[in-house]
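# Residue-level structure breakdown
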Amino acid sequence: MSDRWSRFRKSYLFYSFKRDPIAIACFSIFIFLVVISFAAPIVAPYNPYDTTTIDIMDSELPPAWMEEGNENFWLGTDIQGRDLYSTMLYGLRTSVIIGIFAVIFQAFVGIVVGLISGYFGGRIDAFLMRITDIQFSIPYLIVAIIASAVFKIAFGANRFEELAIPLLVIIIGMSEWPKYARTVRASVLGEKSKEYVEAARVIGLNNRLIMFRHILPNTLTPVLVISTIQVAQAVMSEAALSFLGLGMPVTKPSLGSLINLGFEYVFSGSWWITLFPGLLLVTFVLVILLLGDWLRDVLNPKLYKG
Amino acid sequence: MFAFTIRRIIQAILVMLVISFIGFAVQYSIGDPVRDMVGIRVSAAEREALREKLGLNDSFWIQYSRFVRNATRGDLGTSYFYSKPALQVILQKAPATLELVFVTAMIIVLVSLPVGIYTAINPKKLFSKITMGISTVGVSFPVFLTAIGLIYLFAVELHWLPSYGRGATVNIGGWETGFLTKDGLLHLILPSIALSSIMLPLFIRLIRAEMMEVLETEYIKYAWAKGLSRRRVWLLHAFKNTLLPVVTVFGVEIGILFAFTILTETVFQWQGMGFMFYEAVERSDTALLVAYLVVIGVIFVLINTLVDILYGLINPMVRIAGTK
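Residues numbered from 1 in each chain as written. Chains lettered and ligands numbered in written order. Predicted model: local features only at pLDDT ≥ 70, side-chain atom pairs only at ≥ 80, totals over all residues.

### Observations concerning the overall build of chain A
Convention followed: The helix and strand labels rest on DSSP assignments: H or I over at least four residues marks a helix, E over at least two residues marks a strand, and numbering proceeds from the N terminus. Working definition of burial: number of other C-beta atoms within 10 Å of the residue's own, with buried at 20 or more, exposed at 12 or fewer, and partly exposed in between, all C-beta atoms being placed from the backbone.
A count of helices and strands for chain A gives 14 helices and zero strands. Overall, chain A shows an N-to-C arrangement of helices and strands of α-α-α-α-α-α-α-α-α-α-α-α-α-α. Along the first, second and third principal axes, the C-alpha set of chain A runs to 75 × 50 × 35 Å. Burial analysis of chain A (306 residues in total) assigns 44% to the buried set.

As structure tokens, then:
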């Protein structure tokens, strides 16, 4: 363990991280947001899932520093009287969970398809790549929106709300896997003809072992680079779906459904219900995107473009 | 070139078959045309007779081939809510979406070209740095948040612009246009700005990057050495060669704009296809949903095929690489 740590500390990755203030700032904000959102049950002053602590008389209170604000709710309350700060923390946690699992899901599908396609080639490759091409020709957001609309009608609104988190993971995962498939296939094609693969074949290892134990580790760098950007993308997709009412229900808020909830009250002047979750979403996505840019530049200087 | 075009068209047909198959599978598993057609008071026997008459008891594949045959004739089923052919409902809503996308595309072209070129030529100027900063942050703003912000600022606080709907429209031969009235044009401003805000950062960066790359090439150095005027080198020699990748990306991104119209139209209650889709989901109007899926599929396939063929015309390398 300590050996790995010292090797990491001497690595180029860590070296360029130390020298880039933007990367350090983004990484700190990212870790901070993830930690406070997962610690929400401890950190948050109220529990938005616990209906007994919610008083409808507290609804639509502005932030504490404004005239009508209440000191107990420093970012104000939403329309159901939930403390906005606590609800945002729980909402961010939901968004992060969906984002990360959706990326794991799409990476898994994409890597398996890309590996098989690149390693075996021929008919299997042509068939899988044709499917990838077809899905690529339709924007991921349309795929996600239509898939969740279909799921919502098929399951019925109530059942859909119960199953919202796993369904959203599947929907967002299904709409984005082709990106992984293409990336992995491209690097597998580069690795396949190298000598270590030849050597593995000569000593009689089976295909599965060569694919997953020998080739896969060498294709992981581009996978890592797109994964950071994909997490941001998945969080954005989740917010968009929830905003359309096709994602997380109001009772189990994510950032998107909170913005959706607040949108109806923007006209009556309750801007804070929309603004604060919106700012949190933008900050979270922005730091991930900047980290992704930084990682891409460090790991693949050839790709660098202003 | 002919073979290349044929190959693209065959692929387009293949994609349409896959989309129609997905559409039909959705219709088959969750839609109920009998419910859509009759009331609650109709007896079970009568329903069964109607099912038989409509061919709903046939096998999946027979029904699918019937679906495809009807679709090629323009019959995409009947909307449950509107009690009208689904395609007719969509075509009624299409002008609103097309006008919104058109104005948005104009904004993107008119803003990103000059700004992209300027930031490429003067990368050190303050304006360029601010623009690049804004476009980095802009990418992480979801379109619905921008839209709500615009509504709050310009409609709720300042009362300058209308916040929802299309305003007064004029009907010209079945095409409801908002271009001809002042009210209609005012209603277009906020939605089109919101929609263009997702693509603008991307295009400014793309044009800037391409232009900077071209400015480094040998023939531009040669043009400088010849002593041509700055304007001539920038606008005639360099700019022309940045256009090729920009045109292709533009074609694809127009397709993606259609996806984002669902979000934008929902926020502004813009009476287009996107808002219609949103309402169809709320009303469980399966036939309309499937029809939307097919229509939007046709739009994407058309755009993609046209862009590919256009690219093949401009860039011979694509044609040859595709042959193997």
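### Overview of the overall build of chain B
To be explicit about the condition: Any pair of residues counts as being in contact when their C-beta atoms, constructed from backbone geometry, are within 7 Å of one another.
When its secondary structure is counted, chain B shows 13 helices and two strands. Each of the three principal axes of chain B carries a C-alpha extent, and together these read 90 × 60 × 35 Å. Burial status across chain B gives 35% buried among its 324 residues. Relative to all contacts within chain B whose residues are 6 or more apart in sequence, the contacts with residues 24 or more apart total 70%.

### Topic: the nonpolar core
The test is simple: Each nonpolar core comprises buried Ala, Val, Leu, Ile, Met, Phe, Trp, Tyr and Cys residues, the members being joined through C-beta atoms within 7 Å. Domain delimitation in this document rests on an assignment produced automatically or drawn from a domain database.
Membership of the largest hydrophobic core comes to 148 residues, with the highest contact counts inside it found for Ile145 of chain A together with Phe144 and Tyr292 of chain B. Two domains each put at least three residues into this core: domain 1 (2–86) and domain 2 (87–323) of chain B.

### A short note on the interface of chain B and chain A
Just so we agree on the cut-off: Side-chain classes follow a simple rule in which Ala, Val, Leu, Ile, Met, Phe, Trp, Tyr, Cys and Pro form the nonpolar group, Asp, Glu, Lys and Arg form the charged group, and the remainder, Gly included, forms the polar group.
Listed by partner, the interface residues are 36 residues for chain B and 33 residues for chain A. Breaking the side of chain B that touches chain A down by element, the ones donating at least two residues are helix 1 (2–30), helix 6 (126–139), helix 7 (143–157), helix 8 (182–215), helix 10 (230–268), helix 11 (273–282) and helix 12 (286–314) of chain B. Split into classes, the residues belonging to the side of chain B that touches chain A amount to 28 nonpolar, seven polar and one charged.

### Some details on the environment of Ala107 of chain A
All names here are of chain A. For Ala107, the location among the structural elements is in helix 5 (residues 84–120). Overall, Ala107 belongs to the buried group, with 22 C-beta atoms counted inside 10 Å. Separated by 91 residues in sequence, Ala107 and Ser16 have C-alpha atoms that sit 27 Å apart. Leave out the neighbours within four places in its chain, and Ala107 touches Tyr180, Val223 and Ser227.

### Some points on helix 4 (residues 60–72) of chain B
Short version of the rule: What a helix is expected to span follows from its residue count: subtract one and scale by 1.5 Å.
With 13 residues, helix 4 of chain B should reach 18 Å at 1.5 Å per residue; the first-to-last C-alpha distance of 18 Å fits that figure. Gly74 of chain B, located one to two residues past helix 4 of chain B, shows a positive phi value of around 90°.

### Quick notes on the packing of helix 7 (residues 140–155) of chain A against helix 1 of chain B
So the rule is basically this: Here an angle of 0 to 180 degrees is reported between the N-to-C directions of two axes, which are lines fitted to C-alpha atoms, with helices fitted over the stretch in contact. With respect to orientation, any angle under 35 degrees is reported as roughly parallel, any angle over 145 as roughly antiparallel, any angle of 65 to 115 as roughly perpendicular, and every other angle as oblique. Should the near helix be turned anticlockwise from the far one by less than a right angle, the crossing is left-handed, and should it be turned clockwise, the crossing is right-handed.
One can describe the packing of helix 7 of chain A onto helix 1 of chain B by two numbers: an axis separation of 10 Å at closest approach and a directional angle of 15°. Taken together, the axis directions place helix 7 of chain A and helix 1 of chain B in an arrangement best described as roughly parallel. Classified by chirality, the crossing of helix 1 of chain B by helix 7 of chain A is left-handed. Contact residues: helix 7 of chain A offers Val150, Ile153 and Ala154 of chain A, while helix 1 of chain B offers Val26, Ser29 and Ile30 of chain B. Considered class by class, the residues forming the contact of helix 7 of chain A with helix 1 of chain B number five nonpolar, one polar and no charged.

### Some thoughts on the domain arrangement of chain B
All names here are of chain B. Segmenting chain B into domains produces domain 1 (2–86) and domain 2 (87–323). Placing the centre of domain 1 and that of domain 2 at their C-alpha centroids yields a distance of 33 Å. At the junction of the two partners, domain 1 supplies 27 residues and domain 2 supplies 22 residues. At 13 residues, helix 1 tops the list of elements feeding residues into the side of domain 1 that touches domain 2. Here the side of domain 1 that touches domain 2 is built from residues that sort into 15 nonpolar, nine polar and three charged.

### As for unusual backbone geometry
Residues and elements named next belong to chain B. With a phi angle near 55°, His159 is a residue other than glycine that sits in the positive phi range. In this fold, His159 is placed in the loop between helix 7 and strand 1 (170–172). C-beta crowding within 10 Å serves as the criterion here: with 9 such atoms nearby, His159 is assigned to the exposed category. The phi torsion at Gln269 lies on the positive side, around 45°, for a residue other than glycine. Mapping Gln269 onto the fold places it in the loop between helix 10 and helix 11.

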